[in-house]
Amino acid sequence: MNVVDWVVLVGTMVGIAAYGAWRTRDIRSLNTYLRGRPSTGWGTIGVSVMATQASAITFLSIPGQGFESGIGFVQNYFGLPLALIIVCAVFLPVYRRLNVYTAYEFLGRRFDEKTRLLGAALFLLQRGLATGVTIYAPAIILSTVLGWRLDLVIVFTGVLVIIYTVTGGSAAVGLTHKWQMAVIFGGMATAFVVLLAKLPADLGFSGAAHVAGALGKLNAVDVSLDPSRRYTLWTGLFGGLFLSLSYFGTDQSQVQRYIGGASLREGRLGLMFNAVLKIPMQFFILLLGALLFVFYQFEPAPLFFNRAEWQRHAEGPAASRLQTLEAHYAAAVGDTQAAIRAWLEARASAHPEAEGAARAAMVAAHQRADRLRAEAKAALLAVDSRAKTKDSDYVFITFILSKLPHGAIGLLVAVMFAAALSSKASELNALGTTTTVDVWRRLRPLAADDEARNVRVAKRFTALWGVFAIGFALFAGFAENLIEAINILGSIFYGVMLGIFLVAFFLRHVGGDAVFTAAVAAQALVIVMFFSLNIGYLWYNLIGCAACLAFSLLLQSLMGTRTPSGAVRGA
Amino acid sequence: MKRPPAEKRSDAEPPGLPGCRTWRGLYLIVFGWFALVVLLLAAFSRFYS
């Protein structure tokens, strides 16, 4: 990065944060601080929902996913539009009618205070622990490739997001989201155009897409019923619906983005904006990765994209083995390139038999190169069992730093930071709000009418969560296996949380005592199963939800019919 | 804590989009768009495979 890149990076990041803090510095109203400006329109809400979900990892990892495994990952988002329609039709009208600040406040109105506290506690535990990862995960990648100090990257991003989120609360978060998404869209479009321009002149987009397709990178829809396949139409529709419903319907970091706004209409249109745009957006990010794959068939490609990790071992006892693998890989890439050219010529000649033979040769050459990449990772693990062998996260950033012109490099690094800040801001905002509204106000009921004090307390809790996130991210560097543990923790709690909300919305005869006991029992069941069974942790989302629903129905039938006095109108 | 008054009859407010008079109609259009996107993705995969 040169001076121009630094000016673009620091200018956009600090400029947006300063603008957000400055424009919202005079907010004194608790309602505006927690829910954003009352005049917020659907465009701002829609962009804010999108920015909350799109973290830096989205833009670092998903192109790598497209490079490594193709665009099939897009199916993961197939349940999202359906979930958003359900949230619009069922969840959002009730949240607005009850005039709540948090989703867990709704549980208090629908059931009782203990169920509300349980929901808030599950959210604070899960999101609070995950909050450090949102800063740490992109920081480790960016600091590795850019050679920056990891702790400084963590502290810089953490302090920046704390400043404007604490100053303007939800209003600042929504305002900065708009500009951060503008940087993100501008940067990604720039990268896409540069990539297309750098593909071989005789190939173009169509030729590159044909090559990617022939090598299995463009299978967007898989209707297979094989349960061993990770991404299919069915896992996307059912698993994606389930995950999206719990994320958009019950996670305060999302709920807070759409319960504000000028009216119910604005919130609904903001969510529909995401329902329409999310799949095409993810498709283009994955397509970028698939085209990067083709690009690196015609350019000298590193055998292993995390060069810092590779160099760390390249001078050790495995040096000669790694050098041999690199030499073999360079030859294999050359063979693949020649095979691709031969296939393109055979394809143009319109001789099906020649085309078929050339395609088989191309696929075989590509598989040889792929095997060498797998051998390289095995070689790294052989010398260091803790070596970081997942290098797909480094593919896009490697392209950015080595192939983009100066200025564009700064813009693309700004994309990563903008995405990190946008998702982090929503999390801190939600954690501060939930701690204030669902926990602190329960302990200080007499302070409920003191609006200025409520705003002050919300600011302090937001700052406190920010400091906690920075501390946790700094600590995560010493205990990397914590990150996976936290992702697993999310799946362990998300299912039960969704179960509580589904009971609240759809099983109107079930009361607070039944759902509370059922949720605790379902959570205990999930934890016991987690420690005693060996199944994919995503299944615990489904198990937790189903157990909560079933136990609630069972317990309510044992307890007898609930009196209707506890019911919330419209819930 | 002062809260703005809760909304009343907010469902009565239409989407206000051209060709879309009810929320149910909008949800159907979004669902149709989703189905179209999946079909287009399938066609894209098939064309380039």
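None of these values were measured; they are calculated from a predicted model.

Q: In this structure, what is going on with the interface of chain A and chain B? I would like to understand it.
A: Think of interface size as the accessible area that goes away when the parts come together; that is how it is often given. At the junction of the two partners, chain A supplies 47 residues and chain B supplies 30 residues. Buried surface at the junction of chain A and chain B, both sides included, amounts to about 3300 Å², of which 64% is carbon and sulfur. Applying the counting rule to chain A against chain B returns zero salt bridges. In this structure, the connection of chain A to chain B is made through six residue pairs in polar contact (both at pLDDT 80 or more). Counting only elements with at least two residues in the side of chain A that touches chain B, the list comes to helix 2 (30–35), helix 5 (80–97), helix 9 (204–214), helix 10 (233–250), helix 12 (264–295) and helix 18 (451–476) of chain A. Among the elements that line the side of chain A that touches chain B, the one with the most residues is helix 12 of chain A, at 11 residues. Across the side of chain A that touches chain B, the residue classes tally to 29 nonpolar, eight polar and 10 charged.

Q: Honestly, the confidence of the model for chain A in this entry has me stumped. Any pointers?
A: Should pLDDT be low for a region, the predicted coordinates there are not to be read in detail. Chain-level pLDDT for chain A is 87 on average; 95% of the residues reach the 70-or-more range. Contacts from residues 565–571 of chain A, a stretch scored under 50 in pLDDT, to residues over four places away or in other chains number 14 contacts.

Q: Mind showing me how you'd approach the packing of aromatic side chains here?
A: Here the distance between the centres and the angle between the planes together describe a pair of aromatic rings. Residues and elements named next belong to chain A. Evaluation of the coordinates by the stated rule reveals 36 aromatic pairs over all chains. For the ring pair F91 and F505, a centre distance of 4.2 Å and an interplane angle of 35 degrees mean the geometry is tilted. With F91 in helix 5 and F505 in helix 19 (residues 481–506), this pair connects stretches of sequence that are 414 residues apart. Across the pair, exposure class does not vary: F91 and F505 are buried alike. On the numbers, 5.7 Å between centres and 75 degrees between planes, the contact of Y95 with F106 is edge-to-face.

Q: Honestly, the pattern of salt bridges in this entry has me stumped. Any pointers?
A: Between side chains of opposite charge, a pair can form as their charged atoms come close. All names here are of chain A. With the rule as written, the count across this model stands at 20 salt bridges over all chains. With a shortest N-O distance of 3.0 Å, E299 and K403 are connected by a salt bridge. Of this pair, E299 sits in the loop between helix 12 and helix 13 (307–314) while K403 sits in helix 16 (residues 395–403), and the two are 104 residues apart along the sequence. Residue K403 is classed as partly exposed on the basis of its relative accessible area, which comes to 23%. K424 serves as the salt-bridge partner of E427, at 2.9 Å between the closest nitrogen and oxygen.

Q: Would you mind showing me how to read the side chain of R127(A) here?
A: Residues and elements named next belong to chain A. As for its placement among the helices and strands, R127 is situated in helix 7 (residues 113–146). Relative accessible area serves as the criterion here: at 11%, R127 is assigned to the buried category. At 3.0 Å, the side chain of R127 forms a polar contact with the side chain of E427. Leaving out residues up to four positions away in the same chain, R127 has contacts with Y247, D251, S253, E427, L431 and Y494.

Q: Please clarify how the packing of helix 12 of chain A against helix 16 of chain A should be interpreted in this entry.
A: Helix packing for two helices is described by the angle between their axes and how far apart those axes are. All names here are of chain A. Helix 16 packs onto helix 12 with a crossing angle of 60 degrees between their chain directions and a minimal axis gap of 11 Å. As the angle between them shows, helix 12 and helix 16 are arranged oblique. Judged by the sense of rotation from one axis to the other, the crossing of helix 12 with helix 16 is left-handed. Where helix 12 approaches helix 16, its residues L288, L292 and F295 are matched on the opposing element by V395, F396, F399 and K403. Of the residues belonging to the contact of helix 12 with helix 16, the class tally is six nonpolar, no polar and one charged.

Q: So what exactly am I meant to see when it comes to helix 9 of chain A here?
A: Working note: α-helix, 3.6 residues per turn, so residues spaced by three or four point in the same direction. Helix 9 of chain A sits mainly inside the fold: eight of its 11 residues count as buried. Among all positions of helix 9 of chain A, only G207(A), A208(A), A209(A), H210(A), V211(A), A212(A), G213(A) and A214(A) are buried. Check the buried side of helix 9 of chain A and you find it contacts helix 12, helix 14 (319–348) and helix 15 (352–383) of chain A together with helix 1 (23–48) of chain B. A positive backbone phi angle near 80 degrees is found at G216(A), which sits one or two residues after helix 9 of chain A.

Q: Whenever I open this one, a positive patch on the surface confuses me. Can you help?
A: A surface patch of positive charge is lined by R444(A), R453(A), R456(A) and R460(A). Here R453(A) is to be found in helix 18.

Q: When you look at helix 21 (residues 539–559) of chain A in this model, what are you seeing that I'm missing?
A: Residues and elements named next belong to chain A. Compared with an ideal rise of 1.5 Å per residue, which puts 21 residues at 30 Å, helix 21 spans 30 Å between its outermost C-alpha atoms and is within 8% of the ideal. Within helix 21 the residues assigned to the buried category are Y540, N541, G544, C545, A547, C548, S552 and Q556. Looking straight down helix 21, one finds its buried side chains confined to an arc of 165 degrees; they lie on one side. Exposed positions of helix 21 whose direction lies more than 90 degrees from the buried face are W539, S557 and L558.

Q: Mind showing me how you'd approach the state of the cysteines here?
A: Counted by the stated rule, this structure contains zero disulfides over all chains. Free of any disulfide, C88(A) has its nearest neighbouring cysteine sulfur in C20(B), separated by 12 Å. Its sulfur unpaired, C545(A) is 7.1 Å from the next cysteine sulfur, which belongs to C548(A). For C545(A), a relative accessible area of 4% corresponds to the buried category.

Q: Would you mind showing me how to read the packing of helix 5 of chain A against helix 12 of chain A here?
A: Residue and element names in this part refer to chain A. Following both chains from N to C, one finds helix 5 and helix 12 inclined at 170 degrees, their axes separated by 9 Å at the closest point. When the axes of helix 5 and helix 12 are compared, the pair comes out roughly antiparallel. Across the interface between the two elements, L80, P81, L84, I85, V87, C88, A89, L92, P93 and R96 of helix 5 pack against L264, G267, R268, L271, M272, N274, A275, K278 and I279 of helix 12. Across the contact of helix 5 with helix 12, the residue classes break down as 14 nonpolar, two polar and three charged.

Q: Whenever I open this one, the nonpolar core confuses me. Can you help?
A: Taken as a class, soluble globular proteins show a tendency for nonpolar side chains to be buried jointly. All names here are of chain A. In this structure, F59, Y95, F106, Y258, F396, I500 and F501 are the most contacted members of the largest nonpolar core, which totals 195 residues. If you tally residues by element for this core, the top one is helix 12, at 18 residues. Once residues lying within four places of it in the same chain are set aside, the contact partners of Y95 are V100, A103, F106, G249, V255, Y258, I259, F501 and F505.

Q: Explanation requested: the confidence of the model for chain B in the structure shown.
A: For chain B, per-residue confidence averages 82 on the pLDDT scale, and 76% of positions sit at 70 or higher. Confidence estimates for the predicted assembly give a pTM of 0.89 and an ipTM of 0.87.

Q: What's the story with unusual backbone geometry in this structure? I'm lost.
A: Only a minority of non-glycine residues have a phi that is not negative, and only a minority of peptide bonds are not trans. Residue and element names in this part refer to chain A. Look at N99: it is not a glycine, yet its phi comes out positive at around 60 degrees. With respect to the helices, strands and loops of the structure, N99 is situated in the loop between helix 5 and helix 6 (103–110). You can call N99 buried: its relative accessible area is 12%.

Rules of the game
- Residues numbered from 1 in each chain as written.
- Chains lettered and ligands numbered in written order.
- Predicted model: local features only at pLDDT ≥ 70, side-chain atom pairs only at ≥ 80, totals over all residues.
- Heavy atoms only, no water.
- Contact = heavy atoms within 4.5 Å.
- Buried area = accessible area lost by both parts, 1.4 Å probe.
- Salt bridge = Lys/Arg side-chain N within 4 Å of Asp/Glu carboxyl O.
- Polar contact = N/O pair within 3.5 Å; in protein donor to acceptor, adjacent residues only side chain to side chain.
- Helix = DSSP H or I, 4+ residues; strand = E, 2+ residues; numbered from the N terminus.
- Nonpolar A, V, L, I, M, F, W, Y, C, P; charged D, E, K, R; others polar.
- pLDDT = per-residue confidence, 0-100.
- Phe/Tyr/Trp six-rings, centres within 6.5 Å; stacked < 30°, edge-to-face > 60°.
- Buried < 20%, exposed > 50% of the residue type's maximum accessible area, 1.4 Å probe, protein only.
- Axes fitted to C-alpha atoms, helices over the stretch in contact; angles between N-to-C directions.
- Parallel < 35°, antiparallel > 145°, perpendicular 65-115°, else oblique.
- Left-handed = near helix turned anticlockwise from the far one by under 90°.
- Patch = residues over 30% accessible without salt bridge, like charges linked within 9 Å, V, L, I, M, F, W, Y side chains within 5 Å.
- Areas by Shrake-Rupley, 256 points an atom, 1.4 Å probe, with all protein chains shown as cover.
- Lys, Arg positive; Asp, Glu negative; His and termini not counted.
- Charge placed at Lys NZ, Arg CZ, Asp CG, Glu CD.
- Expected span 1.5 Å × (residues − 1).
- Arc of directions from axis to C-beta.
- Disulfide = S-S within 2.5 Å.
- Core = buried A, V, L, I, M, F, W, Y, C linked by side-chain atoms within 4.5 Å.

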